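# Close look at the chain arrangement
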Amino acid sequence: MKRPHEAAGPPREVRIIGGQWKRSKLPVADAAGLRPTPDRVRETLFNWLGQDLSGWRCLDAFAGSGALGFEAASRGAAQVTLLERDRKLAASLEQTRQRLKASALNIANVDALAWMARCAQGSFELVLIDPPFDSDLLVPAVAAAARLVVPDGFVYIEAGRALAPDAAALHGLALHRVGRAGAVHFHLAQRR
């Protein structure tokens, strides 16, 4: 039993909230800086995008728990690539992929920025960016994501602070929608 003065830690699992694997559980490892995207934020994001992502190619950079990428695949995305540098987290993602028989998902145990630098321009309809809040990866990740998304495609950005509209515009993106849930600031930008 928790003592009243103990702070609640990060969740040990999250659930997919929509689509084919609705209510399926995803394990959340006890890893420094890992904070899965909250349910209500994912619900808002996929309301903004539309519930059906049939045919979309999606990239979940900095995948962590994989909540965003698995959610996209659950909603019909044709191809979802999850990038995760931590070997243990990547192995957990692969186990979940196999358990769900998620053939549209590909998991790569790589550095996200290096992988994105090698990827062909315009490869995705949706790029999901959720780097650790205490890192300096946000700005280079947004620049890399903007290059990878097709015209009129979307870049989802989750950060510990709000992005200024001109920060996205530097990379040919326009902020489409923004929200906040506690310490999480989330943004949906569209390539112009």
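Presented here is a report on the structure given in the accompanying data block. (Residues numbered from 1 in each chain as written. Predicted model: local features only at pLDDT ≥ 70, side-chain atom pairs only at ≥ 80, totals over all residues. Heavy atoms only, no water.)

Turning to its location among the elements, S74 is positioned in helix α2 (residues 67-74). For S74, a relative accessible area of 4% translates into the label buried. Discounting chain neighbours no more than four positions away, the residues touching S74 are I16, G18, G19, Q20, W21 and K22. (Helix = DSSP H or I, 4+ residues; strand = E, 2+ residues; numbered from the N terminus. Buried < 20%, exposed > 50% of the residue type's maximum accessible area, 1.4 Å probe, protein only. Contact = heavy atoms within 4.5 Å.)

Two numbers describe how helix α1 (residues 39-49) lies on α2: the axes approach to 11 Å, and their chain directions differ by 40°. Put simply, α1 runs oblique to α2. Considering the relative orientation of α1 and α2, their crossing is right-handed. Facing R42, L45 and F46 of α1, the residues of α2 in contact are A67, L68, E71 and A72. Partitioned by chemical class, the residues of the contact of α1 with α2 number five nonpolar, no polar and two charged. (Axes fitted to C-alpha atoms, helices over the stretch in contact; angles between N-to-C directions. Parallel < 35°, antiparallel > 145°, perpendicular 65-115°, else oblique. Left-handed = near helix turned anticlockwise from the far one by under 90°. Nonpolar A, V, L, I, M, F, W, Y, C, P; charged D, E, K, R; others polar.)

Before going further, it helps to spend a moment on the packing of aromatic side chains. Going through the model one piece at a time under the given rule, you end up with three aromatic pairs. Between the aromatic rings of W56 and F154, the centroid separation amounts to 6.3 Å while the plane-to-plane angle is 10°, which identifies the pairing as stacked. Of this pair, W56 sits in the loop between α1 and β3 (57-61) while F154 sits in strand β7 (residues 149-159), and the two are 98 residues apart along the sequence. With respect to burial, W56 and F154 carry one shared label: buried. (Phe/Tyr/Trp six-rings, centres within 6.5 Å; stacked < 30°, edge-to-face > 60°.)

Such coordinate-based values are descriptive only and should not be taken to indicate function.
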